[in-house]
Each structure stands twice: as structure tokens, then as C-alpha cells.
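Working through the structure, step by step
Here is how the chains run, residue by residue.
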Amino acid sequence: MTDPKVRSAITGALKAFTQYGNFDAAALIEKFDTVFASDDDFLTKVDSLDAVFDEHPQLEEIRETFFDMLMINFFSEDVKKLEDDYLETPEWEAIEEQTLDRGTELLNLLLYLNECEDENIDPELEDYLKEFLLVDEDEFQDEYRIYEPVIAQQMLIESPVSEISKVAKTVPEDSEVKELFYPMICFFQNPEPSDADKNAIADNAVNKPFDMAVLEILLSFK
């Protein structure tokens, strides 16, 4: 099964990648849906997902964000078919170990947006950093380190997207939030953008196909 929000996110991301890039990613919606909806075990689905990206290298830059969505879909749908404590079993621990180097911080964002829906609250950057990631707590200094560029630039929430774009380009290349910085800040600034707002975000994007694909994923989960 595919979670409805995940299906919507896949569709939105591929359509945005097509609209702002030079490859018809939207033609692969059904192929991705087949992978996500499969009854295969998680690692087999990861292999199937990678096979699609291997066949279409034009999509390489969104590979890991789709891994994040495969993971969130596992948590939302696939786990329902397994034992209640599956996520605490040695089997799942082994899977986590094998996929340690996969995915991006988008996974945390999606988990946060699911929590917002469950608790009926609006997503806010400060809430995400302090209440979800707990960046102020001593035992969560890894999260603080990862999100330090975002923490330092929280005032961008009040700035025009052109300024967000300018700062995004200065985020260190080795930062784990480098690529996500622009679409993440734009989303938290305006979780319900109009078409005109989206055009402005696209016009100032650091990497239009990627940034707009990520934005559509976030909007689908809100």
C-alpha cells in the first residue's frame, strides 16, 4: 500500500521536476507508484527504487529524497502488516544499519509534518527545531550541528525569497542541510503558497527542479 500523502508527494515532486527541469519525470509516476505499493520487504523495495533511478540518471539528484519517502511510507503503511514491535527488533536494527548512509534530513521534516497533523498544529520552524529536534538539549547536539545553518538564519522567515536564496548559496558545501535549506525555509515561511508565491520561489530557486520537487513533497504532507 502507498500512503495517500506519499502518493500525492510522488506525483507533485515528479511533475515539478518535469516543469522546472528538462526531463519528463512525470512519465514515471506509475513506475514509482508500483515500487511504493509493492508488498515486497523494505530492502527489496529499496533495490527496486534504486533500479528506477539507475535507469533514469536524469533523476539522480532526487534519489535520496525518494528514499526518505519510501521510509516514511514504510512507517505509515508497510509496518501495519508486521508485528507491533517490529521497529524494535534486531531485523529492523540490521536494516537501519544497512541504510545508515541513505536519505536526507527530509525524513525528519516529513515525520514532523505527520506529527503536526496528528496534533492538529501548524508547522513552524521554531517548533520544528526546538520541540521536535530538541536542538537546545545537550543530548541532541548532533541535531544542533546539522541544523546550525538553519538555527543561525531563522530570521529569514521574515525575509523575501530572494534573500533566502542568497543565504542558501552561502551554506557550506559539506552541510547536511545545504540542498534542503532553500525549499525548507520557503516552506516554513509560507506553508500555503499561492501560484504567484510558487512562481516567486521558483524564480529565486538555487536549483529549480530539485527545490520545487522538495517544496511539493512538503506541501503534500502539510
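Shown above is the structure to which this text applies.
Just so it is clear, the model here is predicted, and its values are computed rather than measured.

Our next topic: the pattern of salt bridges. Evaluated as defined, the whole model comprises 13 salt bridges. Between arginine 63 and aspartate 54 there is a salt bridge, with its nearest N and O atoms 2.7 Å apart. Relative accessible area serves as the criterion here: at 53%, aspartate 54 is assigned to the exposed category. We note a salt bridge from glutamate 176 to arginine 145, for which the minimum N-O separation is 3.2 Å. You can see glutamate 176 sitting in the loop between α9 (161–168) and α10 (181–189) and its partner arginine 145 sitting in helix α8 (residues 141–152), a full 31 residues away along the chain. Taking the relative accessible area as the measure of exposure, arginine 145 reaches 46% and is therefore partly exposed. Sharing partners across several salt bridges, the network here consists of Asp50, Asp54, Glu60, Arg63, Glu64 and Arg102.

Another aspect to go through is helix α1 (residues 4–20). Relative to the 24 Å expected for 17 residues at 1.5 Å per residue, α1 spans 24 Å between its end C-alpha atoms, a close match to the ideal helical length. Within the sequence span of α1, burial applies to Lys5, Val6, Ala9, Ile10, Gly12, Ala13, Leu14, Ala16 and Phe17. Taken together, the buried residues of α1 touch α2 (29–37), α4 (63–76), α6 (106–119) and α12 (208–221). The backbone nitrogen of lysine 5 has a side-chain oxygen 2.9 Å away, supplied by the residue at the start of α1, namely aspartate 3.

Moving on to the packing of aromatic side chains. All told, the structure shown has 18 aromatic pairs when counted by the stated rule. Ring centres of phenylalanine 32 and phenylalanine 66 lie 4.9 Å apart, and the angle between their planes is 50°; on these two criteria the pair is classed as tilted. One end of the pair, phenylalanine 32, is in helix α2; the other, phenylalanine 66, is in helix α4, with 34 residues separating them in the sequence. Ring centres of phenylalanine 74 and tryptophan 92 lie 4.8 Å apart, and the angle between their planes is 5°; on these two criteria the pair is classed as stacked. Remark: tryptophan 92 occurs in helix α5 (residues 90–98) and phenylalanine 74 occurs in helix α4; sequence separation between them is 18 residues.

Conventions used here
Residues numbered from 1 in each chain as written. Predicted model: local features only at pLDDT ≥ 70, side-chain atom pairs only at ≥ 80, totals over all residues. Heavy atoms only, no water. Salt bridge = Lys/Arg side-chain N within 4 Å of Asp/Glu carboxyl O. Buried < 20%, exposed > 50% of the residue type's maximum accessible area, 1.4 Å probe, protein only. Helix = DSSP H or I, 4+ residues; strand = E, 2+ residues; numbered from the N terminus. Expected span 1.5 Å × (residues − 1). Contact = heavy atoms within 4.5 Å. Polar contact = N/O pair within 3.5 Å; in protein donor to acceptor, adjacent residues only side chain to side chain. Phe/Tyr/Trp six-rings, centres within 6.5 Å; stacked < 30°, edge-to-face > 60°.

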